[in-house]
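# Working through the structure, step by step
Residue-level listing of the chains:
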Amino acid sequence: MTRIEIARHAAADPASVALLLAEPTGLARPADPDSAPDAEVFGELSPVRRTDAGFVAGLEVAGSSGTGHGRVRVIPTADDGCDVRLTLSVMDDALGWQAEGWARTYLDSLVERARLRSSAA
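Residues numbered from 1 in each chain as written. Predicted model: local features only at pLDDT ≥ 70, side-chain atom pairs only at ≥ 80, totals over all residues. Heavy atoms only, no water.

Let's shift gears to the overall build of the chain. If you tally the helices and strands in the chain, you get 2 helices and 7 strands. Order of helices (α) and strands (β) in the chain, N terminus to C terminus: β-α-β-β-β-β-β-β-α. Sorting the 121 residues of the chain into buried and exposed places 43% on the buried side. For the chain, the proportion of contacts with a sequence separation of at least 24, taken over those separated by at least 6, is 58%. (Helix = DSSP H or I, 4+ residues; strand = E, 2+ residues; numbered from the N terminus. Buried < 20%, exposed > 50% of the residue type's maximum accessible area, 1.4 Å probe, protein only. Contact = heavy atoms within 4.5 Å.)

Another aspect to go through is the environment of arginine 85. Along the polypeptide, arginine 85 turns up in strand 7 (residues 82-90). Its relative accessible area of 39% is what places arginine 85 among the partly exposed residues. Separated by 11 residues in the primary sequence, arginine 85 and valine 74 have C-alpha atoms spaced 6.6 Å apart. Setting aside anything within four residues of it in sequence, one finds arginine 85 in contact with Ile6, Ala7, Arg71, Val72, Arg73 and Ile75.

Before going further, it helps to examine the packing of aromatic side chains. Using the criterion set out here, one finds 1 aromatic pair in the structure. Consider the rings of tryptophan 102 and tyrosine 106, whose centres lie 5.4 Å apart with planes at 0°: the pair is stacked. You can see tryptophan 102 and its partner tyrosine 106 sitting in helix 2 (residues 93-120), 4 residues apart, about one turn around the helix. You can call tryptophan 102 buried: its relative accessible area is 1%. (Phe/Tyr/Trp six-rings, centres within 6.5 Å; stacked < 30°, edge-to-face > 60°.)

This paragraph deals with the pattern of salt bridges. It is possible for side chains bearing opposite charge to pair when their charged atoms get close. Under the counting rule described, the total for this entry stands at 6 salt bridges. For arginine 8, the salt bridge is made with aspartate 108, and the minimal N-O distance between the two is 2.6 Å. In this pair, arginine 8 is assigned in strand 1 (residues 2-10) and aspartate 108 in helix 2, connecting sequence segments 100 residues apart. The class of arginine 8 is partly exposed, set by a relative accessible area of 23%. Owing to a relative accessible area of 39%, aspartate 108 belongs among the partly exposed residues under this scheme. Put simply, arginine 113 and glutamate 23 hold a salt bridge, and the shortest N to O gap is 3.1 Å. (Salt bridge = Lys/Arg side-chain N within 4 Å of Asp/Glu carboxyl O.)

Okay, the pairing of strand 5 (residues 54-63) next. Where burial is concerned, most of strand 5 is hidden: 8 out of the 10 residues are buried. Bridge count between strand 3 (residues 42-45) and strand 5: 4 bridges; the pairing is antiparallel. Bridge pairing links phenylalanine 42 to alanine 62 in strand 5. Note that strand 4 (residues 49-51) and strand 5 share 3 bridges and pair antiparallel. (Pairing = 2+ DSSP bridges.)

Structure follows, in structure tokens:
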């Protein structure tokens with residue numbers, strides 16, 4: 001089993017990032033699908049929920065060698081913005097390295113979209 005933990009800081013308020021997580025498709029994809037390290041890996045988010053310390057959404061990933069599950073958390077920080085943390089567990093090591101590359105690309109894309117949306121406002 002492979003456990004993946006990735007965190008990024010977003011220069012946007014937590015609610016704005018949560019709105020991006022709650023986009024209608026529910027699919028977790030990088031903004032540029034061609035930039036994904038493995039086009040065979042994709043993710044799907046469950047509905048975003050408010051928690052005492054921000055927001056959380058469940059995450060399911062699938063690839064040619066299996067599936068995995070985890071969470072995406074949006075946590076307010078003392079400075080401007082928030083932290084976005086993705087945790088993921090996968091049973092197959094081959095999917096693990098593919099899913100980790102996908103997850104890094106996805107979080108980078110999410111944080112960039114949040115920054116662009118925040119600066120446009």
